[in-house]
Amino acid sequence: MLATVVVVIVLWMCTPVVAEVKLNGFASVVVGKVTEGDEFLADFPKTGIYDTRLSIDPDSSLGLQLSSYFTTDFSLIAQASVHGAEDYDPRIDWLYLNYYFSPELSLQLGRKALPLYYYSDYFDVGYAYYWIRPPPDVYTWQITNYNGISLLYEAALGQWDTSLNLYFGSEESEDNELLGLLFGASVDETWKNMIGIVGTMANNWLELRLTHMQGLIDRKISGVSVLNDIEQQFLGLSVNLTIDRLLILSEFNSYRQSGNDVEYHAFLLSAGYQIGDLTPHITRSGFRQDVNVLGNDEKHHTTSVGLRWDVVDNLAVKIQYDNVVDEGVVVPILGDSKSITLGMDVVF
Amino acid sequence: MLTLAAVVAVLMITAIRPCLAENKVVLIAAKGSGIEMLSNRDIRRVFLGLKSADSELVNKPVLNLYNRKIYQEFLKNVMHMTEGAYKRKLVKRIFRHGSEEIKEVDMLDDLNAHLTRNIGDISFVEYNAVEKMQDIEVVKVLW
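**Details of the overall build of chain A**
Across its full length, chain A holds two helices and 18 strands. The globule rule puts the C-alpha radius of gyration for 348 residues at 20 Å, and the 20 Å found for chain A is close to it. Once local pairs closer than 6 in sequence are excluded, the contacts in chain A between residues at least 24 apart make up 54%.

In structure tokens, the structure reads:
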């Protein structure tokens, strides 16, 4: 991480002219509480947790993105954000140099979001989707960024917009929040030698996304190494449909570690219907990891209903009800719960 | 009888033609931009915030909002999506790839001034509006 920051800053300073600087931002203010049960883990990576008291922290966030265009082909992109679930401590989400070899082909060097899931790249930008947050059952990642290199190809094939993204990198997380919550101890996690590919195809009504990542994982629990150079693989498929005003969203993921029986599957199925500025929606999502050799299991599913109201340009108000059923025996994720959240998302 | 039918047909065509001209919507750029034919596919690509694959001379898109009806039709006929879906798509692209926000203009004079100051930028207007603008040329009839 530090090396990436230094390299990018040095390269930035060596560039003779900053042609143009753009600033964009996003913010979400969300208030909610658990109405039945004790706690609701709304945001896995940041461990945003609601309890029976009204709280504004678990899903609220603010982010700023700075884009410096040295030339039309060469730019620096940086994004920093603060999140209530992380006590509003600032963090750097993105810091990378972008270079276009051609209108279709570009190279990114630096720190980026790890594109495992469909909403990975803009997970924190609530305005970009109709939920309060992407379904937590699916977005259970403990590592959300990587430092490395990425190649992106975007082209039209007939009536299809297509893209192919190849990436390579690594990320270290000391005292990982999510794993610390699940294991009840301090956990250091490293994902290294990650090689990934993401392919997308979209036309007027159908969008497909296929992703695969493999790499090595190291894990220390309370300073004791429990995983060392274990190979991990992630596979994901998203199929989204837009049929007039009807939106059907889906995502299916599977993860496994070679050499042991750690394996999980997650899915989401969602439907929304646009009625003017209103989009009511319903979602079913689930996560299943059977008891494995490490003695862990995790099994939960959620039914959500909600409403998005596009009040004005760049501002949406949302309300959502989540019913979580936690069937984990060895590793429960805070038990069954029913929660209500009300939020406002803006982009600027 | 045949003559009468022909006369009526000619009168109808003459009457309809100005209406068609009024309803035409065109892609425009500053005179001298050198931009020639762009496919609708490439125009859609540019207005989604990607670089043009058809012409290196195309710079940035400008959303013309001074006539909301034409903007809505542009989204329907060229972008093939609703205003809400388009807005969310742009937001995703900005926060996914660090793309620039697409400039929006509310006044025809401002659009004219922007295009002539930024050679290579493109926008869309109804055909009749081109006559009211200066140093602007039609790149393509969109519909």
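Picking up where we left off.
**What about the interface of chain A and chain B?**
If you look at the interface, chain A gives 24 residues, while chain B gives 18 residues. Residue assignment for the side of chain A that touches chain B shows that the elements contributing at least two residues are strand E1 (20-37), strand E4 (61-69), strand E5 (74-83), strand E6 (91-100) and strand E8 (145-157) of chain A. In terms of residue class, the side of chain A that touches chain B is built from 11 nonpolar, eight polar and five charged.

**Some words on unusual backbone geometry**
Residues and elements named next belong to chain A. For aspartate 87, which is not glycine, the phi torsion reads 60° and is therefore positive. As for its position among the elements, aspartate 87 is in the loop between E5 and E6. The exposure class assigned to aspartate 87 is exposed, which follows from the 8 C-beta atoms found within 10 Å. In this structure, serine 222 takes a positive phi of about 50° despite not being glycine.

**Overview of the pairing of strand E9 (residues 160-173) of chain A**
All names here are of chain A. Where E8 and E9 come together, 11 bridges link them in antiparallel fashion. Opposite leucine 151, over in E9, you have leucine 166 as the bridge partner. Connecting E8 to the next strand, E9, in antiparallel fashion are two residues, including glycine 158 with a positive phi near 60°. Where E9 meets strand E10 (residues 187-202), 12 bridges bridge the pair, whose relative direction is antiparallel. Pairing of threonine 162 across the sheet is with methionine 201, part of E10.

**Observations regarding the nonpolar core**
Grouped together as the largest cluster of nonpolar side chains are 52 residues, with contacts concentrated most on A:Val125, A:Tyr127, A:Ala128, B:Val91 and B:Phe95. In this view, A:Tyr127 contacts A:Phe26, A:Ala316, A:Asp345, A:Val346, A:Val347 and B:Val91; residues no more than four positions away in its chain are not counted.

**Observations regarding the sheet that holds strand E1 (residues 25-30) of chain B**
Residue and element names in this part refer to chain B. With antiparallel pairing, the three strands of this open sheet are ordered in space as E4-E1-E5. Taken across any chain shown, the strands that pair with only one partner, and hence form the sheet edges, are strand E4 (123-126) and strand E5 (136-141). On average, adjacent strands in this sheet sit at an angle of 45° to one another, irrespective of strand direction. Of the strand pairs in this sheet, E1 and E4 are connected by four bridges, and their pairing is antiparallel.

**Comments concerning the confidence of the model for chain B**
All names here are of chain B. The pLDDT averaged across chain B works out to 86; a share of 85% of its residues lies at or above 70. When the criterion is pLDDT under 50, residues 14-20 qualifies, and its contacts beyond four places in sequence or with other chains add up to zero contacts. Under the prediction, the complex receives an ipTM of 0.78, its pTM being 0.86.

**Describing helix H5 (residues 108-117) of chain B**
One turn of an α-helix holds 3.6 residues; hence residues three or four places apart share an orientation. Residue and element names in this part refer to chain B. Leu111, Asn112 and Leu115 are the residues of H5 that are buried. With its buried residues spanning 100° around the axis, H5 presents them on a single face. Along H5, exposed side chains directed more than 90 degrees from the buried face belong to Asp109 and Arg117. Packing partners of the buried residues in H5 comprise E1, strand E2 (62-64), strand E3 (103-105), E4 and E5.

**Examining helix H4 (residues 83-97) of chain B**
Here H4(B) is 15 residues long and its end C-alpha atoms lie 21 Å apart, about the 21 Å a rise of 1.5 Å per residue gives. Those residues of H4(B) not exposed but buried are B:Arg88, B:Leu90, B:Val91, B:Arg93, B:Ile94, B:Phe95 and B:His97. Residues of H4(B) that are buried in the fold lie against E1, E4 and strand E18 (337-347) of chain A.

What counts, and where the lines are drawn
- Numbers given for residues are sequential positions, taken from 1 along each chain in its written order.
- For naming, the first written chain is A and the first written ligand is 1, with later ones following in the order written.
- Residues qualify for local features only when their pLDDT is at least 70, as the model is predicted, and side-chain atom pairs are given and counted only at 80 or more; totals for whole chains, interfaces and linings, by contrast, use all residues.
- Comment: elements are numbered from the N terminus, with helices defined as DSSP H or I runs of at least four residues and strands as E runs of at least two.
- We compute the radius of gyration over the C-alpha atoms and compare it with the globule rule, which gives 2.2 Å times the number of residues raised to the power 0.38.
- Residue pairs qualify as contacts under a 7 Å threshold applied to their C-beta atoms, which are placed from the backbone.
- Three classes are used, and their members are as follows: Ala, Val, Leu, Ile, Met, Phe, Trp, Tyr, Cys and Pro are nonpolar, Asp, Glu, Lys and Arg are charged, and the others, Gly among them, are polar.
- Neighbour density around each residue's C-beta defines its exposure: 20 or more other C-beta atoms within 10 Å make it buried, 12 or fewer make it exposed, and counts between make it partly exposed, where C-beta atoms are placed from the backbone.
- By this definition, two strands are paired if DSSP reports at least two bridges between them.
- To form a nonpolar core, buried Ala, Val, Leu, Ile, Met, Phe, Trp, Tyr and Cys residues must be joined through C-beta atoms within 7 Å.
- What counts as an axis is a line fitted to C-alpha atoms, over the stretch in contact for a helix, and the angles between N-to-C directions run from 0 to 180 degrees.
- Residue-level confidence of the predictor is what pLDDT reports, using numbers from 0 through 100.
- What the arc describes is the spread of directions from the helix axis to the C-beta atoms.
- Multiplying one less than the number of residues by 1.5 Å gives the expected span of a helix.

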